[in-house]
Amino acid sequence: MERVETALTGSGEFRLPGCKSLKRDENVFQIIAVDAAETPCERPTSQQRRWYSGKKKRHTLNTPVVIDVSTRMILCVATAFGSMHDLTLFRQSGVQIHPETALIGNAGYRGIWQHHIQSRRPGPPRRRC
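Every value quoted in this text rests on a predicted model; they were computed, and no experiment measured them.

Considerations on a nonpolar patch on the surface
Piece 1. On the surface, Ile-31, Val-69 and Ile-104 cluster together into a nonpolar patch covering about 210 Å² of accessible area.
Piece 2. Among the structural elements, Ile-31 can be located in strand E1 (residues 31-40).
Piece 3. Given a relative accessible area of 34%, Ile-31 falls into the partly exposed group.

Following this line, the structure appears as structure tokens:
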């Protein structure tokens, strides 16, 4: 995986904008979507409990991806242990989103509206107290 990333970035034809580009005024995206996927990985030699996903019943790597909905361009990618919740991983990744950008997330991002007011998620409307 590392060799592929090095080859792609070295070619100059492939570049991710990065997490900081989401906050800049010149890069205001209309709508971005965030979702995470768990991919199986080899059993680690130490700290196996951190990598074990009870949902998948195996050791996994959790990877959230931020995508611009209109261009389908990947803006930001992060990785973490398989046992980490999607919203926790998003918060710890340090992604800062421009206030005018709308954010779409699935049910795993239920409390994201507390950090970004322009967030939406499918399902019944949320109640605010």
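As for the nonpolar core
Piece 1. Counting residues in hydrophobic clusters, the biggest one holds 14 residues, and the most contacted among them are Ile-32, Val-66, Phe-90 and Tyr-109.
Piece 2. Only E1, strand E4 (73-77) and helix H3 (86-93) provide two or more residues apiece to this core.
Piece 3. Of all the elements, E1 adds the most residues to this core, at 3 residues.

Some words on empty space enclosed by the protein
Piece 1. In this structure the tally under the stated criterion is 1 cavity of 30 Å³ or more.
Piece 2. Roughly 30 Å³ of volume is contained in the largest cavity.
Piece 3. Lining the largest cavity are Pro-64, Val-65, Val-66, Cys-76, Val-77, Ala-78, Phe-90, Ser-93 and Val-95.
Piece 4. Put simply, the parts of the chain that give the lining of the largest cavity at least two residues each are strand E3 (58-68), E4 and H3.
Piece 5. Top element by residues in the lining of the largest cavity is E3. It accounts for 3 residues.
Piece 6. Here the residues of the lining of the largest cavity are counted per class, giving 8 nonpolar, 1 polar and no charged.

Thoughts on the side chain of Thr-60
Piece 1. Relative to the helices and strands, Thr-60 resides in strand E3.
Piece 2. Residue Thr-60 is classed as buried on the basis of its relative accessible area of 1%.
Piece 3. In terms of polar contacts, Thr-60 uses its side chain to reach the side chain of Glu-38, at 2.8 Å.
Piece 4. Non-local contacts of Thr-60, meaning those with residues more than four positions away in its chain, are made with Glu-38, Thr-39, Pro-40, Cys-41, Trp-51, Ser-53, Phe-81 and Gly-82.

Some points on the environment of Ala-37
Piece 1. Mapped onto the elements of the fold, Ala-37 is located in strand E1.
Piece 2. Residue classification places Ala-37 among the partly exposed positions, given a relative accessible area of 41%.
Piece 3. Taking the C-alpha atoms as reference points, Ala-37 and Leu-61, separated by 24 residues in sequence, lie 8.2 Å from one another.
Piece 4. Apart from the residues lying within four places of it in its own chain, the contact partners of Ala-37 are Leu-61, Asn-62 and Thr-63.

Description of the pairing of E3
Piece 1. Here E1 pairs with E3 via 9 bridges, running antiparallel. Across the sheet, Ala-37 pairs through a bridge with Thr-63, a residue of E3.
Piece 2. Both strand E2 (residues 52-53) and E3 contribute to a ladder of 2 bridges, which runs antiparallel. Counterpart to Tyr-52 in the pairing with E3 is His-59.
Piece 3. Taken together, the 2 bridges between E3 and strand E5 (residues 80-81) define a ladder with antiparallel strand orientation. Its bridge partner being in E5, Asn-62 is matched across the sheet by Ala-80.
Piece 4. Relative to E4, E3 runs antiparallel, the two sharing 4 bridges.

Calculation notes
- Residues numbered from 1 in each chain as written.
- Predicted model: local features only at pLDDT ≥ 70, side-chain atom pairs only at ≥ 80, totals over all residues.
- Heavy atoms only, no water.
- Patch = residues over 30% accessible without salt bridge, like charges linked within 9 Å, V, L, I, M, F, W, Y side chains within 5 Å.
- Areas by Shrake-Rupley, 256 points an atom, 1.4 Å probe, with all protein chains shown as cover.
- Salt bridge = Lys/Arg side-chain N within 4 Å of Asp/Glu carboxyl O.
- Helix = DSSP H or I, 4+ residues; strand = E, 2+ residues; numbered from the N terminus.
- Buried < 20%, exposed > 50% of the residue type's maximum accessible area, 1.4 Å probe, protein only.
- Core = buried A, V, L, I, M, F, W, Y, C linked by side-chain atoms within 4.5 Å.
- 1 Å grid on protein atoms, 1.4 Å probe; cavity = no way out; pocket = protein on both sides within 12 Å on 5 of 7 lines; lining within 4 Å.
- Points joined across faces, edges and corners; volume = space filled by probe spheres on them.
- Nonpolar A, V, L, I, M, F, W, Y, C, P; charged D, E, K, R; others polar.
- Polar contact = N/O pair within 3.5 Å; in protein donor to acceptor, adjacent residues only side chain to side chain.
- Contact = heavy atoms within 4.5 Å.
- Pairing = 2+ DSSP bridges.

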